[in-house]
Amino acid sequence: MSSPHTLSDVTVITVSYNSAPVLKQMLSSLPNGVKTIIVDNAGSDGAALNELAQSPAVKILRNKRNLGFGRACNFGASQADTEFLFFLNPDSVVQSGTVEAFLAAAGRHPPQTAFTPRIANSNGSPNFRRRSVLLPRREWLPRGWPEVECEVPVVSGAAIVVRRAYFADVQFDPNIFMYHEDDDWSLRVRAAGGKLVFVPDAHVVHMAGHSSGRDPEITRFKAYHLGVSRVYAMQKHGRPLARIRCLAHAAGGLLSPLILFSPRKRAKQAGLVAGVWSGLKKKREI
């Protein structure tokens, strides 16, 4: 059965922070007819982004400062006018037939459904969100991709398709700068009676970690916000021993001998510790 929807019913929402080097490949992987909104989170590559937006199907929204991933996605979604939104990381490549597979799946499920594809790493291995620190272990899934279309407990923010009208009711939490906004969103969708569905015929390759560079300063920045978000999200959803688990996770990495030989690993661990501590202080101040 063919889908009543067409490619022109889809807008890709992607967030850029100095992501121009990888965006060209992502944009070229999209089928003709799909619109794209690039939300520039105050990066320094504005001229390069302009060169990528020569097509009328591509629109750039510019923030005066870095608002974080979730708030930028919310902003991009608010400026779209198509029935479906396709949240997609800039360091991704969409395989042929993926958008069509999403639209076909949308015809099989109620409007309050979000869809996630078969995400692979650049080497072809599964990059599947099968568990989360916000989930009890009984809800964790086996390694690898599910074999058939099915409901899943969480979806990855790297690639999500959802109806625009539904997302307007359940947006990303603006209090989360980056990381765990997709886990939090997944749990809230389910709590509101919605579904999260894995679509095996939709395939996205994700070059994880390359969307905004890999130098130590960026690595520390990301790790800091990972720590802050982990504390916030775990406490928000009432995860047991949230404070102790966050502290143990942050401190445990300091014991690894690998940080002695890698500036990036040292930066990551320092950022994570600082972020967890900052998150715990914010909770005490409330």
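In short, a report on the structure.

Each value, and the rule that gives it
- Residues numbered from 1 in each chain as written.
- Predicted model: local features only at pLDDT ≥ 70, side-chain atom pairs only at ≥ 80, totals over all residues.
- Heavy atoms only, no water.
- Helix = DSSP H or I, 4+ residues; strand = E, 2+ residues; numbered from the N terminus.
- Buried < 20%, exposed > 50% of the residue type's maximum accessible area, 1.4 Å probe, protein only.
- Contact = heavy atoms within 4.5 Å.
- Phe/Tyr/Trp six-rings, centres within 6.5 Å; stacked < 30°, edge-to-face > 60°.
- Lys NZ or Arg CZ within 6 Å of the ring centre and 35° of its normal.
- Expected span 1.5 Å × (residues − 1).
- Patch = residues over 30% accessible without salt bridge, like charges linked within 9 Å, V, L, I, M, F, W, Y side chains within 5 Å.
- Areas by Shrake-Rupley, 256 points an atom, 1.4 Å probe, with all protein chains shown as cover.
- Salt bridge = Lys/Arg side-chain N within 4 Å of Asp/Glu carboxyl O.
- Lys, Arg positive; Asp, Glu negative; His and termini not counted.
- Charge placed at Lys NZ, Arg CZ, Asp CG, Glu CD.

Some thoughts on the environment of Arg-131
Mapping Arg-131 onto the fold places it in the loop between β6 (113–120) and β7 (150–151). Taking relative accessible area as the criterion, Arg-131 reaches 42% and is therefore assigned partly exposed. Along the sequence, Arg-131 and Arg-143 sit 12 residues apart, while their C-alpha atoms lie 9.5 Å from each other. Those residues in contact with Arg-131, other than ones at most four positions away along the chain, are Trp-140 and Val-154.

Thoughts on the packing of aromatic side chains
Tallying each qualifying case throughout the model produces nine aromatic pairs. Taken together, a centroid distance of 5.4 Å and an interplanar angle of 70° make the contact between Phe-86 and Phe-102 edge-to-face. Here the residue Phe-86 occupies a position in strand β4 (residues 84–88), and Phe-102 occupies one in helix α4 (residues 98–106), the gap between them amounting to 16 residues. Seen in terms of ring centroids, Phe-172 and Trp-185 are 5.7 Å apart; in terms of plane orientation they differ by 50°. Their pairing is tilted. With Phe-172 in the loop between α5 (164–169) and α6 (181–191) and Trp-185 in helix α6, the pair connects residues that are 13 residues apart, well separated along the chain. The two residues Phe-172 and Trp-185 agree in class, both being buried. An aromatic cluster of three or more residues is present, and its members are Phe-69, Phe-87, Phe-167, Phe-172 and Trp-185. Sitting over the face of the ring of Trp-145, Arg-118 holds its NZ or CZ atom 5.4 Å from the ring centroid. The cationic tip of Arg-131 hangs over the ring face of Trp-140; the distance from NZ or CZ to the ring centre is 4.7 Å.

Considerations on helix α7 (residues 216–236)
The end-to-end C-alpha distance of α7 is 30 Å, a good match for the 30 Å that 21 residues give at a rise of 1.5 Å each. Where α7 ends, the next residue or the one after it, Gly-238, has phi of about 65°, a positive value.

Quick notes on a positive patch on the surface
A cluster of like positive charges, contributed by Arg-131, Arg-137, Arg-143 and Arg-245, occupies part of the molecular surface. Relative to the assigned elements, Arg-245 resides in helix α8 (residues 242–252). Its relative accessible area of 33% is what places Arg-245 among the partly exposed residues.

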